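Survey of secondary and tertiary structure
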Amino acid sequence: MTDLTAADAILAPAKPATKPARPYFSSGPCAKPPGWSPEKLAVESLGRSHRSKLGKNRLQYCIDLMRELLRLPDTHRIGIVPGSDTGAFEMAMWTMLGARPVTTLAWESFGEGWVTDAAKQLKLDPTVLRADYGQLPDLNAVDWSNDVLFTWNGTTSGARVPNGDWIPADREGLSFADATSAVFAYDLPWDKIDVATFSWQKVLGGEGAHGVLILGPRAVERLETYTPAWPLPKVFRLVSKGKLAEGVFKGETINTPSMLAVEDAIFALEWGKGLGGAEGLIARSDANAAALDKIVAERDWLGHLAEDPAIRSRTSVCLTVEGADADFIKKFAGLLEKEGAAYDVAGYRDAPAGLRIWCGATVDTADIEALGPWLDWAYATAKAG
């Protein structure tokens, strides 16, 4: 159905009858878990020292829940650190790089950020393997005598590594995985990951400012046997007297965390546990991505930036829009936001002009399905305008 919008008889589509119940499709911070409200958060730890028995118990409980849902082996340590995923990844780079040559993989903006850090800040002269948005570099070309830095799931490109098969078990260097849009959405091979980082604001729908650092035994060995040539700020220091600061991985954070953010993460983790843990969270992401795939397949003006399904993200799904430039996408996304049908769906500023729809576990599949007609409306309305 269409309505005449003006005397000049330009046709504009009728607005769909049904909106997504929760139109939150941002790729970070992402939608809160279904049923979330601030009144449901535990608040006993607020106003208390994070070093009190209660504070440390809640931090340890958060760590324990993350370990359980990630199915993290006992060989790997997990700690809460400052600075969101960026802070966690830079902590790993500043404390462990320099012992070996470095290879950096970049196929989106955050990977390029790690290239900049390695090359211009740490001055390590890294080998850089690049690919365009929506593609991957040749993973078989990676020299694993080097330390290797990469994003597991490219939040701004919609491309991800397909699995861990390209990482050899007998690697000499360390694998550093920025996994912020991948944890809780994929079954990660922890035996292939020496360092992983993420933040609560992605797949858990938590709040920002806090990062999570995961260290495998080879990373711990590096920390205890290698001292970087550059000075380390206090918030990066993971070693004391030549030994790993184990307290960091038992809830004794380096600096003061927000206990409100911790309680918010605990809510999301308990919600995920109630779904059956990792399997339930992964199933929700898969269902959401499948629903969006169906929407794309039914429209000739819409496409995937990552054309190969084997490397296509199932969380931060990046879409191409036929004939669109940045101004068109801004108008397109603005129409949806004005109607309360979808928030924050414009692609990342450095990526090719397009849409980005978060399909992580905190989004309901019914809301993805309801989005399809609204995309049609916004596309036709923007073109008519």
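Thresholds applied
Residues numbered from 1 in each chain as written. Predicted model: local features only at pLDDT ≥ 70, side-chain atom pairs only at ≥ 80, totals over all residues. Heavy atoms only, no water. Patch = residues over 30% accessible without salt bridge, like charges linked within 9 Å, V, L, I, M, F, W, Y side chains within 5 Å. Areas by Shrake-Rupley, 256 points an atom, 1.4 Å probe, with all protein chains shown as cover. Salt bridge = Lys/Arg side-chain N within 4 Å of Asp/Glu carboxyl O. Helix = DSSP H or I, 4+ residues; strand = E, 2+ residues; numbered from the N terminus. pLDDT = per-residue confidence, 0-100. Contact = heavy atoms within 4.5 Å. Expected span 1.5 Å × (residues − 1). Buried < 20%, exposed > 50% of the residue type's maximum accessible area, 1.4 Å probe, protein only. Polar contact = N/O pair within 3.5 Å; in protein donor to acceptor, adjacent residues only side chain to side chain.

Re a nonpolar patch on the surface
Residues Val-43, Leu-46 and Leu-260 make up a contiguous nonpolar surface patch of roughly 240 Å² in combined accessible area. In this fold, Leu-46 is placed in the loop between β2 (11–13) and α1 (53–70).

Focus: the confidence of the model for the protein chain
Predicted confidence across the protein chain gives a mean pLDDT of 95, with 97% of residues reaching 70 or more. Note that residues 1–10 has pLDDT below 50 and, in this model, 16 contacts with residues that lie over four places away or in other chains.

Topic: helix α3 (residues 109–121)
With 13 residues, α3 ought to run about 18 Å at 1.5 Å a step, and its terminal C-alpha atoms sit 17 Å apart, in line with that. Of all the residues in α3, the buried ones are Ser-109, Gly-111, Trp-114, Val-115, Asp-117 and Ala-118. Residue Glu-108 occupies the N-cap position of α3, its side-chain oxygen lying 3.3 Å from the main-chain nitrogen of Phe-110. With its phi angle positive at about 55 degrees, Lys-123 sits one or two positions after the end of α3.

What to know about the side chain of Ser-27
Residue position: Ser-27 is located in the loop between β2 and α1. Given the relative accessible area of 4%, Ser-27 is considered buried. If sequence neighbours within four positions are ignored, Ser-27 has contacts with Thr-155, Lys-202, Ser-316, Arg-356 and Trp-358.

With respect to the environment of Ile-295
Topologically, Ile-295 is positioned in helix α6 (residues 278–297). Classification of Ile-295 by relative accessible area gives buried; the value is 6%. Separated by 77 residues in the primary sequence, Ile-295 and Gly-372 place their C-alpha atoms 5.9 Å from one another. Apart from residues lying up to four places away in sequence, Ile-295 is in contact with Leu-302, Ile-368, Glu-369, Gly-372 and Leu-375.

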